[in-house]
Each structure stands twice: as C-alpha cells, then as structure tokens.
Amino acid sequence: VKPLESLLRDAGLSFTVDERDGVAILVPDLAAGLTPLEAADRARILQMARDAGFTHVALELDPGGAPLSRD
Amino acid sequence: MTGVSDVSGDIQQKERALLAWLRSRGSVVVGYSGGVDSTYLAVVAREALGRDGALAVLGRSASVPDDQLHAARAVARDRDVPLLELDTGETSDPRYAANPVNRCYFCKSVLWETLVPAARERGYAAVVDGTNADDVHEYRPGAQAAREHGVASPLAEAGLTKDEIRLLSRARGLATWSQPSAPCLASRIPYGTEVTVERLQQVARAEAALRALGIEGNLRVRYHGDLARVEIDAPTIDRWLEPGNGARIAAAVRSAGFARVALDLRGFRSGSLNVLSGVVAA
C-alpha cells in the first residue's frame with residue numbers, strides 16, 4: 001500500500017490506498033477535490049499498481065455519497 | 001439470419017462430429033444452465049435425437065441468478081427441448097461454503113450426484129455437459145467432478161471452441177450466441193470468504209441494479225465484505241467514470257446493501273479472482 005501511495009503522490013494524484021483481499025482500492029482525497037479520472041491517468045495508475053505488486057486496482061466511487069440503504 | 005451452411009467447412013465438420021457422437025449414444029441428458037455452450041448442446045441434441053432422446057436438466061440454487069433461470073426456461077420452451085429442474089443445494093455443503101480454490105469441484109459434485117441418478121432412472125444412455133475445447137486449457141476443478149461421475153463433454157471432444165459455438169448458435173438463431181459468459185454467482189466471492197445465500201443474493205441484487213442502470217456486456221460485482229468491486233468491459237470504463245456516472249453506479253450498488261463501491265480500473269477479467277488468489281498467472 002505504502003509504495004503505491006508514494007508512486008501516486010509523486011505523480012501528483014491525490015489518493016489514499018486501502019487494501020481488500022489483495023486489491024488496491026484508491027480512495028479519492030475529498031479535501032483535494034474530486035476531479036474526473038482521465039484515460040491517460042487510468043493507464044498510469046494501472047502501471048503504478050503493477051509496479052507496487054498489485055494485480056488488481058479499483059477506484060472507490062462517490063466515497064462521500066449517501067449512506068448504506070437499510071430499507 | 002445466417003445458416004449453418006454459411007459457417008466455415010471446418011466448423012461444419014466439427015458439428016458433424018458432434019452429431020455423430022450424440023447419435024452413437026442414442027439418448028442424452030444435458031447439464032443445462034442456459035449459457036452459450038449448454039444451450040447450443042441441448043438444442044443440437046434435441047434436433048439429433050428427437051424429443052424422447054434429449055433431456056435438459058437445469059440445476060436451481062442460490063448461486064444461479066433468477067434472470068438466468070428465466071432465460072434458460074424460455075429457450076427450452078421455444079426450442080421444444082424437454083426440461084427438468086432440480087434443486088442442487090450446494091450452498092448447504094460446508095465444503096462448498098468454505099470456498100476453497102477448488103470450490104467448483106464440490107459444486108459440480110453435488111450437481112452430478114443429483115443429475116446422474118435422475119438420468120439413469122429415466123433410462124438415458126449418457127450424461128453430457130457444455131465443456132468446450134477452450135475450457136480444457138483453463139483452471140476448472142469442476143471438470144474433475146464430471147470425470148468422476150462419467151459425464152462426457154462432446155463439444156470438447158468435437159474440438160468446438162467458444163467462438164465456434166457462438167457462430168453455430170447464431171446460425172441456428174439462438175439468442176445466446178452473443179450472450180456474455182455467465183458463471184455462477186459464487187465466482188464473485190474471493191476464495192476463503194464463506195459463500196452464503198445472503199451474500200449470493202446481495203451480489204445478484206447489485207448486478208441487477210447495474211443492468212437496470214444500462215450497463216451492458218460483461219459485468220461482475222465482486223464481493224469484498226462491505227465493499228463491492230465492479231468489473232465492466234474495459235472499453236466502457238472511461239464512459240462510466242465521467243462526472244455523475246460514478247455516483248449512479250455507487251447508488252445502484254449501495255441499494256443492494258454494500259457500504260462502499262469501487263470500479264475496477266482494468267475492467268472485466270474472466271477468472272479475476274483466480275488471478276487475485278494466485279491460482280492462475282496475472
């Protein structure tokens with residue numbers, strides 16, 4: 001997790017990284033403001049994740065969104 | 001609509017080999033899921049062996065989505081394929097529920113332990129499945145269970161690949177020809193995480209909500225506890241990452257009871273969790 005966070009930070013991408021079952025989950029830094037993820041950024045992130053040893057990387061969607069529905 | 005005669009000679013030759021195989025048995029029970037392969041096999045067996053010579057058996061359990069069951073019933077009805085439905089109940093087998101890397105072996109064992117005696121009681125000569133020539137090169141522990149129960153794989157024996165079965169299905173006017181592969185819902189749960197009916201239903205609800213949102217093609221909602229990881233076809237990812245779309249995906253998946261939602265940035269991969277667990281190479 002830490003190497004990937006470092007690679008992302010060095011590339012100017014504002015994410016923290018959570019890990020679930022071996023998957024790197026990128027959590028957007030809400031304080032930095034949500035910006036659309038460009039296709040080129042996605043390709044760079046996939047490469048950085050591979051370099052950090054992850055076979056799977058996912059972007060958390062709407063992390064500040066509505067809470068879990070219990071109805 | 002294209003016909004079988006429009007398919008290449010090599011593929012037609014393979015189909016002739018399949019027909020010869022089926023006729024040599026005289027009657028077969030087809031392990032039927034409504035997927036591309038078993039649908040083609042059931043329809044061809046019905047054509048080759050007549051109504052008394054072919055029986056499609058559909059296994060029902062929590063690991064099979066309802067829409068898949070409905071579609072399988074519709075095809076059997078439209079093509080006049082006799083259909084028998086059996087409850088398999090693999091989720092109550094603790095060896096299956098523990099979700100080891102060979103989970104499919106236990107699932108298929110339960111299926112064939114149910115289906116093979118049913119075939120024998122009805123006097124059918126052989127039990128067959130929809131394994132194709134591509135499948136034999138993949139990690140498929142369920143194939144061992146088929147072998148142990150004497151289940152034959154005539155599509156693979158005829159050398160028919162998935163793409164060829166799609167072509168032959170299209171030539172027959174089967175809607176399944178372009179259908180994405182649809183493995184059981186347990187394939188969404190990482191090995192070692194217990195498979196429960198509730199989790200399978202949660203995944204099914206999330207996938208249904210995403211289909212309702214307009215996601216087409218391959219789709220998997222992978223279960224990671226309170227977090228769902230969504231895999232869709234890679235060429236469509238950027239569109240669903242556009243402003244507003246991500247929130248729509250998140251809301252749809254949350255409605256199924258997940259707290260967090262993430263979109264896989266590489267997109268759909270068949271056997272994704274096999275790669276994740278190191279069972280197969282990345």
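Conventions and cut-offs
Position numbers for residues start from 1 in each chain and track the written sequence from start to end. Think of it this way: whatever chain is written first is A, whatever ligand is written first is 1, and the rest follow in order. In keeping with the model being predicted, local features are shown solely for residues with a pLDDT of at least 70 and side-chain atom pairs are shown and tallied solely at 80 or more, while totals for entire chains, interfaces and linings include all residues. Only heavy atoms go into the side-chain values, all of them from the structure, while hydrogens and water stay out. Definitions used throughout: a 1 Å grid over protein atoms alone; a cavity as a set of points that fits a 1.4 Å probe which cannot get out; a pocket as an open set with protein on both sides within 12 Å along at least five of seven lines; a lining residue as one with an atom within 4 Å of a point. Grid points are joined across faces, edges and corners, and a volume is the space filled by probe spheres set on the points. Labels follow the DSSP assignment, with helices taken as runs of H or I lasting at least four residues and strands as runs of E lasting at least two, numbered in each case from the N terminus. Charged residues are taken to be Asp, Glu, Lys and Arg, nonpolar residues to be Ala, Val, Leu, Ile, Met, Phe, Trp, Tyr, Cys and Pro, and polar residues to be all remaining types, Gly included. Two aromatic rings, drawn from Phe, Tyr or Trp (for Trp, its six-membered ring), form a pair once their centres lie within 6.5 Å of each other, and the interplanar angle then sorts them: stacked below 30 degrees, edge-to-face above 60, tilted otherwise. Relative accessibility under 20% of the residue-type maximum defines a buried residue, over 50% an exposed one, and the middle range a partly exposed one, all with a 1.4 Å probe and only protein chains included. By definition here, charges over rings are those cases where NZ of Lys or CZ of Arg is within 6 Å of the ring centre and within 35 degrees of the ring normal.

1. A look at empty space enclosed by the protein
- Scanning the entire structure with this criterion turns up 1 cavity of 30 Å³ or more.
- The space that makes up the largest cavity amounts to roughly 50 Å³.
- Taken together, A:Leu46, A:Ala49, A:Arg50, A:Phe54, A:Thr55, A:His56, A:Val57, B:Asp264, B:Arg266 and B:Arg269 form the lining of the largest cavity.
- The biggest single contributor to the lining of the largest cavity is helix 2 (residues 39–51) of chain A, with 3 residues.
- Among the residues making up the lining of the largest cavity, the classes are represented as 4 nonpolar, 2 polar and 4 charged.

2. Side note on the packing of aromatic side chains
Residue and element names in this part refer to chain B.
- Applying the stated criterion across every chain, the model contains 2 aromatic pairs over all chains.
- Pairing Tyr105 with Phe106 gives two aromatic rings, centres 5.3 Å apart and planes at 75°, and the pair type is edge-to-face. Comparing Tyr105 with Phe106 shows no difference in burial state: the two are buried.
- Note that Arg25 overlies the ring of Trp21, its terminal NZ or CZ placed 3.8 Å from the centroid.
- Against the face of Trp177 rests Arg170, its NZ or CZ located 4.9 Å from the ring centre.

3. A look at the layout of surface pockets
Residues and elements named next belong to chain B.
- Computed from the structure, the second largest pocket encloses a volume of approximately 690 Å³.
- For the second largest pocket, the lining is made up of 29 residues, of which Pro65, Asp66, Asp67, Gln68 and Glu207 are closest to its centre.
- Mapped onto the lining of the second largest pocket, the elements with two or more residues apiece are helix 3 (66–78), helix 9 (197–213) and strand 5 (219–224).
- Per-element tally for the lining of the second largest pocket: the top contributor is helix 9, with 7 residues.
- By residue class, the composition of the lining of the second largest pocket is 13 nonpolar, 8 polar and 8 charged.

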